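Geometric and topological summary
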Amino acid sequence: ANTISRPVRELTAATKAVAGGELGHQVPVRTKDEIGELAQSFNQMSADLAYSNQLRRQMTADIAHDLRTPLSVILGYSEALADGKLPGTPETFDAMYRQAQHLNRLIEDLRTLSLADAGQLTLVRRPVEPRGLLEHTALAYLPAAEAGGVSLVVEEVDAPLIPVDLDRILQVLGNLVSNALRHTPHGGQVSLSAAQENGYVLLRVRDTGPGIPVEDLPHIFERFYRGDKTREANGASGLGLAIARSLVEAHNGRITAENVSDGAQFVISLPVVGKVETL
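Keep in mind the model is a prediction, meaning the values are calculated, not measured.

Further remarks concern the sheet that holds strand β5 (residues 200-207). Spatial ordering of the open sheet is given by β2-β4-β5-β7-β6, a layout of 5 strands whose pairing is mixed. Two strands close off the open sheet at either side, each with one partner strand: β2 (151-158) and β6 (254-260). Each strand axis lies, on average, 15 degrees off the axis of its neighbour in the sheet, ignoring direction. Sheet topology places β5 next to strand β7 (residues 263-271); 7 bridges connect them, and they run antiparallel. For Leu203, the partnering residue across the bridge sits in β7 and is Ile268. Seen against the sheet, helix α4 (residues 130-147) touches β2, β4 (189-197) and β5 and runs at an angle of roughly 175 degrees to β2.

Printed below as a string of C-alpha cells:
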C-alpha cells in the first residue's frame, strides 16, 4: 500500500506546487510501472511548462528592446527638431523614416506570428510550379546578389506542382535568400533547387558562406534568437526564420537547416498536389 500511496502523495504535492507557480518542479520516479510512467510524464510536462515560461519572458523582454530602439531614435530626432537643435534636412527625415519602417516591419512580423499561433493565418492556396517560385525569387534578389559580388543561380528543378499561398511562400524563400546573400562572401554562390521525395517537394536554398555555428543550429528558428550579433545593425527584426517556420508549418510542411560541405543549406518540405486543374 505504501508503494502505491507514497508516489501518489508526491504527485499530488507536486501538482499543487506547479499550480502555485513553481514551474519545473520534479518528482522522483520510483517504479517502472504505470505510477512510474505517470511520474515521468508529470516531470516532462513540468519541465516543458518551465521552458515555455522562460521563452515567454525572454520574448517579452526582446520585444520591448526591439520596439524601444527605433522609438528612441524617432523621439530623439523629434525632440531635437522641436527644440531647433537639429535642422530639418532631408537626411534627418530619411533617418526617421527608416526607423519608422523598421518599427512597422517588426509590428507586422509580430502580427503574422500571432495569427499563425492562433491558427487564424489565412492562406490562399493554388497549384504552383516550383521552378516559377525559385526563378521569381532569384529575379527579385538578383540586384542584391550582383551588388555583393555573389552568384545567384537556379539549378535543376524536377518537381511537380505544390498547393501553396504564393505570397507567403515567396516571403519564406525571400527571407532565406536574403540571409544567404548576407552571409556569403564576395565571389561566392547562392543556389536554389527543387526535387520530389516521398510525396513532398523539397525547395533548397544553399550558400557557400561560413555555415551556421553548431551552437546556433538548434535555435535559429526561435523568435528573437540572437545568434547573429549584427542583427540589430542590419535592421532585421530577428523574427524572419521564426515566421518562415510558422508559414511553412501552416502549409503542413517542414523547414530545416543544416551545414553542408561548403556552406549552409535550408530545406523547405511541402506536400505535393494530388489532382489539380490547369491554371
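Let us keep going from here.
Mapping Glu258 onto the fold places it in strand β6. Within the structure, the side chain of Glu258 is placed 2.7 Å from the side chain of Gln265, a separation counted as a polar contact.

Our next topic: the packing of aromatic side chains. All chains considered together, the criterion is met by 1 aromatic pair. Both rings, one in Phe221 and one in Phe266, keep their centres 6.2 Å apart while their planes meet at 85 degrees; by these two values the pair is edge-to-face. A residue pair is termed long-range when its members are at least 10 positions apart, and Phe221 in the loop between β5 and α6 (231-234) and Phe266 in strand β7 qualify at 45 residues.

Here we take up the packing of helix α5 (residues 166-183) against helix α7 (residues 240-250). Closest axis-to-axis distance for the α5/α7 pair is 9 Å, and the angle between their directions is 145 degrees. Considering how the two elements wind past one another, α5 and α7 form a crossing that is left-handed. Facing α5, whose interface residues are Arg168, Gln171, Val172, Asn175, Leu176 and Asn179, α7 presents Gly240, Leu241, Ile243, Ala244, Leu247 and Val248. Considered class by class, the residues forming the contact of α5 with α7 number 7 nonpolar, 4 polar and 1 charged.

So, on to empty space enclosed by the protein. Enumeration over the complete set of coordinates arrives at 1 cavity of 30 Å³ or more. In this structure, the largest cavity spans a volume of roughly 60 Å³. Pro7, Glu10, Leu11, Val27, Pro28, Val29, Arg30, Thr31, Ile35, Gly36 and Ala39 are the residues that line the largest cavity. For the lining of the largest cavity, the secondary-structure elements that each account for two or more residues are α1 (2-19) and α2 (34-82). By residue class, the composition of the lining of the largest cavity is 7 nonpolar, 2 polar and 2 charged.

Rules used throughout
- Residues numbered from 1 in each chain as written.
- Predicted model: local features only at pLDDT ≥ 70, side-chain atom pairs only at ≥ 80, totals over all residues.
- Heavy atoms only, no water.
- Pairing = 2+ DSSP bridges.
- Helix = DSSP H or I, 4+ residues; strand = E, 2+ residues; numbered from the N terminus.
- Axes fitted to C-alpha atoms, helices over the stretch in contact; angles between N-to-C directions.
- Contact = heavy atoms within 4.5 Å.
- Polar contact = N/O pair within 3.5 Å; in protein donor to acceptor, adjacent residues only side chain to side chain.
- Phe/Tyr/Trp six-rings, centres within 6.5 Å; stacked < 30°, edge-to-face > 60°.
- Left-handed = near helix turned anticlockwise from the far one by under 90°.
- Nonpolar A, V, L, I, M, F, W, Y, C, P; charged D, E, K, R; others polar.
- 1 Å grid on protein atoms, 1.4 Å probe; cavity = no way out; pocket = protein on both sides within 12 Å on 5 of 7 lines; lining within 4 Å.
- Points joined across faces, edges and corners; volume = space filled by probe spheres on them.

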